[in-house]
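Per-entry structural report
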Amino acid sequence: MMTTPWGERLDPTQVLAEHPRPQLMRDDWVSLNGLWDYAFTSAEERVVPARFDGEILVPFSPEAPLSGVERTLQPDQALWYRRTLRLSAAMARQGRLLLHFGAVDQRCEVWVDGTSVGSHLGGFLPFSLDITEALRNVADHEIVVRVRDLSDTSWHARGKQRLKPSGIWYTPQSGIWQSVWLERVPLRWIETIDHTAELAGTPGQWRGALHVTVGLGGAPVRRESVTVTLRDGDAVVGTQTGAPGEPITLTPSSVRPWSPEDPHLYDLEVVAGEDRVTSYAALRTLGVGQDPQGRSRLLLNGEPVLQAGLLDQGYWPDGLLTAPHDDALAYDIQTAKDLGFTMLRKHIKIEPLRWYYHCDRLGMLVWQDMVNGGRSYKHAVITTPVMAPVRLDDRRYRLFGRQDAAGREEFRAEVERTVTLLRNSPSVVAWVPFNEGWGQFDAAAVTEQIRALDPTRPIDSTSGWHDQGVGDMASRHVYFKPYRLSAADAADDRVAVLSEYGGYSHRVAGHCWNDAEFGYRRIAERDAFERAFRDLQQRQVRPAIADGLAAFVYTQLSDVESETNGLLTYDRRVLKVDAEAIRASNAGLRAEFDRAVGRVPAPVRVRERELTEPVSLTLPDGHLDPEAIGWCRTPLVRTDGIGVGRVGKGRNKRWEYWAITTPSHVVAIVLSDIDYAGVNNLWVLDRATQTPINLDAITPLGAGVELPGTLGKGVARLRSKGLSIEIEEVDGGTVLRAQSDRVRVEVVAERPAGHESLGIVVPWSERLFQYTVKDVARPARGSIWVDGVEHRLPEGDSWATLDHGRGRWPHRMQWNWGAGSGTSNGRRIGVQVGGRWTDGTGSVENALVVDGRLHKISDELVWTYDTEDWLAPWRIHGHDVDLTFTPEYDKVTETDFKVISSFTHQCFGTWSGHVHLGGGSWIVFADLFGWAEDVRQRW
């Protein structure tokens, strides 16, 4: 038997012993979870069996290993439960006794002391029975439950259960699968508490109100009233008395909105006559609105918010539908949160109320699916749209397995009960009535039904396909092809969401349910699985966010039976990815979202690996060598494999860029081969007159360009008409020579003993990647000649910077790069910062060099500058970095051949700021000369 850690430690005398209903609690209650008698009989048997088959551990269904039974209830059978109960003195005193069932799948009848006290239909919703009148004058009372479950042989709601499970369809379950408990209430008791919140203002100046409506059960009495008290910790922040059934408005003196970052809950106390209950509530609002670019977004507390989600099936290998422990429920939610996700899509299941309580207190947004039903589904209806753009009218009931009017009516009744059950939970932020056409019908009418019940939450009417054009979301599932936000979805007034994608399978030996493997791509190696996941996020989801995507849901949180496509194994013992890396990836997506909606993003911390041994950039077939991913202090990465191997042809870039800065001039030398052309350049700026001299030398197919395969393993040369360049490594430095008709350069970029540079491998994917070396603060000596006039480089105030690159690039790319060199406070300092092109890859090209020692900065930095005024100050900051760049000259380069284009603003000026070097040490500097650039390319 596969067990979870909680199932392994399960105490049968303390099974799910926490109060099952956190939003309506009173002291007089007792759990009835534990060992009951059970028996299987034919469905025709209506009399309580004389003998039972054994004991079952409630609330685990008989199919679940933790039940102790492990037997499937067939459609032609009945399952019987029995237990005895002795009431305590407190429970036996005057009042009413209510027997509560969290969920019984699928139809049941209940007897107490031989008297039928009620029945229930629907396997995923709670119900309560008043058993007071059935109790006999005996010491030990008997409770009997009879269950029928037709599973997927009828049109009742069943979720993902099938009598013949495989792939995405799971083991069928029956009977009691959520907590059973007994509660004593007064003759007139608090039966329901409903509340809605209002919120206005801005952070620090919030105003809010909570409207609470209390419903009472039992016989009405004259002049009854209800008192509601709102507490924030120990402080009372609001109290009001009103009539039952009427809204009571509280305006708290302190307003703290609920959000995933700050899931603040207020305590509620409700008193009505002799009854007193405790609850909780939150102040938060939801909605749909437009960002500054006019794109529809999901709003939380009036602001656009990216909802980064996981599909959550809520299955366990030992308990199946039932979590083995309350801590297990919280574990899944906390794990998702630790990975940087902010939302769980609760898929085709209604959880115990304690799961929603944990989401409320931990700060996890929830999209709640309705539980599907209907007759057998047609493959062409539910599966063909994965690959083909099929959209059917869901009023064609028979196509969707909804030909039974009674089944449609039952589903709509369960929709109402689901919304009523969960609408008080602040974490529930969206309703999802239909998924992939499973039992779909009349989506427009069902959407309006939900809207009438709860006008506060957005509705994803048809998740996946068979979109009827209603609801608040244009909701897509994409598995077998790359995802791009379509023009139609971008133009839709509804919010664009990717409500399922990914589903990559990675089996972990010793942690699989069986020998089967189901997923939408199979990946054997753990590191490759993590890279593929991050590649999906960064290469497909990230661009879509910039274009208007508002939410995404990766499939899925955990493995389930034959599905091995979770981030967690089914037994919850192995996390298949590095939590810090995935958290950084999600943080990068949030930063992209912030930019898209006009907010300044937060910096993103990444965890990088330092390379300490030589390694090849590529594998023999041309793919990226995973062992090369990381950064180094000296050039350790061999790049001779660029352009070699089965997948190594095309889109390769190789270049050497050197910049020389002096008090009077800036010189830039470019020597490059981009497969179809050599792109070379010599550029000189007279800083005093801001007069540039520019010479481009473009050579077809790189003719005349010589570049060594690996840095330092040969001379780099250009021989072309009008321009020659030679770059040669020598002892103690690099000789830079260039000559055109107006400019001549003879400079040595010195390499002091112990001087370190930044080498970094940026992995966009297995086929697209870049190795770059950024070498700043190299003292320079020699001369440059402009129109025959020699300008000797003043030693101690002249600097050389290298940008060396080898890799295979995407068609489109945008980047920022900044560098500066000089002395400040008696120390030789070099600044090296970059952004955009590395975002989401887990690598960043940020560092500070102090007296030749490199200090790595593992942040995706935030670049803030004015594209309407390029000479205004730029700010670049991170967790431990705050830099200001003050431009004095803007070098503008534009090339636009449509398919091939480049738009560059390279501003030259000075750097100032401070950087934390670790161990409490900060370095402050000013007036380092260099540049910062914004580049957008297609090539």
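Residues numbered from 1 in each chain as written. Predicted model: local features only at pLDDT ≥ 70, side-chain atom pairs only at ≥ 80, totals over all residues. Heavy atoms only, no water.

The next subject is the sheet that holds strand 25 (residues 365-369). Overall, parallel pairing links the seven strands, which are arranged 26-25-24-23-33-30-29 in an open sheet. With one partner strand each, in any of the chains shown, strand 26 (428-432) and strand 29 (473-478) form the two edges of the open sheet. For this sheet the average axis-to-axis angle between neighbouring strands, irrespective of direction, equals 20 degrees. Here strand 23 (residues 307-312) pairs with strand 24 (residues 343-346) via four bridges, running parallel. The residue bridging L311 from the neighbouring strand is R345, located in strand 24. Packed on one face of the sheet, helix 6 (residues 405-422) meets strand 25 and strand 26 and runs near 175 degrees to strand 26. (Pairing = 2+ DSSP bridges. Helix = DSSP H or I, 4+ residues; strand = E, 2+ residues; numbered from the N terminus. Axes fitted to C-alpha atoms, helices over the stretch in contact; angles between N-to-C directions. Contact = heavy atoms within 4.5 Å.)

Looking now at helix 9 (residues 526-547). With 22 residues, helix 9 should cover 32 Å at 1.5 Å per step; its first-to-last C-alpha distance of 31 Å lies within 8% of that length. Its axis deflected by about 35 degrees at V541, helix 9 carries its strongest bend there, up to four residues before the proline P543. Trailing helix 9 by a residue or two, G548 shows a phi angle of about 135 degrees, which is positive. (Expected span 1.5 Å × (residues − 1). Bend = angle between axes of the 7 residues up to and from the residue.)

A surface patch of nonpolar side chains, about 290 Å² in accessible area, is lined by Y676, L701 and I900. Looking at where I900 falls in the secondary structure, it is placed in the loop between strand 58 (881-896) and strand 59 (901-918). In this structure I900 comes out as partly exposed when scored by relative accessible area, which is 33%. (Patch = residues over 30% accessible without salt bridge, like charges linked within 9 Å, V, L, I, M, F, W, Y side chains within 5 Å. Areas by Shrake-Rupley, 256 points an atom, 1.4 Å probe, with all protein chains shown as cover. Salt bridge = Lys/Arg side-chain N within 4 Å of Asp/Glu carboxyl O. Buried < 20%, exposed > 50% of the residue type's maximum accessible area, 1.4 Å probe, protein only.)

So, on to the UniProt feature "domain: Glycosyl hydrolases family 2 sugar binding" (unreviewed entry) in the protein chain. Those places that UniProt annotates as "domain: Glycosyl hydrolases family 2 sugar binding" (unreviewed entry) correspond, in this numbering, to residues 78-184. The annotated region residues 78-184 carries 4% helix and 45% strand content, and the separation between its end C-alpha atoms amounts to 30 Å. (UniProt positions renumbered as here; feature names shortened; annotations may be inferred.)

Take the UniProt feature "domain: Glycoside hydrolase family 2 catalytic" (unreviewed entry) in the protein chain next. Taking the UniProt record as the reference, the feature "domain: Glycoside hydrolase family 2 catalytic" (unreviewed entry) is found at residues 327-475. Here residues 327-475 is 37% helix and 14% strand, with 32 Å between the C-alpha atoms at its ends.

Here we have four strands laid out as an open sheet, ordered 1-12-5-9, and antiparallel in their pairing. Only two strands of the sheet have a single partner each, and these edge strands are strand 1 (29-31) and strand 9 (127-130). Pairs of neighbouring strands in the sheet enclose a mean axial angle of 20 degrees, with direction left out of account. The pairing of strand 5 (residues 96-101) with strand 12 (residues 180-185) spans six bridges and is antiparallel. Bridging from a neighbouring strand, H100 pairs with W181 of strand 12.

Our next topic: the packing of aromatic side chains. On inspection of all chains with the given rule, the structure shows 41 aromatic pairs. Ring plane angle 70 degrees and centroid distance 5.2 Å describe the contact between W764 and W809, whose orientation is recorded as edge-to-face. Separated by 45 residues along the polypeptide, W764 in the loop between strand 47 (758-763) and strand 48 (769-786) and W809 in the loop between strand 50 (799-808) and strand 51 (812-824) bring together distant segments of the chain. Taken individually, W764 and W809 each receive the classification buried, so the pair is uniform in this respect. Connected via pairs of aromatic rings, a cluster forms that spans Y657, W683, W817, Y889, F908 and W931. Residue placement shows R71 over the ring face of F40; its charged tip is 3.9 Å from the ring centre. (Phe/Tyr/Trp six-rings, centres within 6.5 Å; stacked < 30°, edge-to-face > 60°. Lys NZ or Arg CZ within 6 Å of the ring centre and 35° of its normal.)

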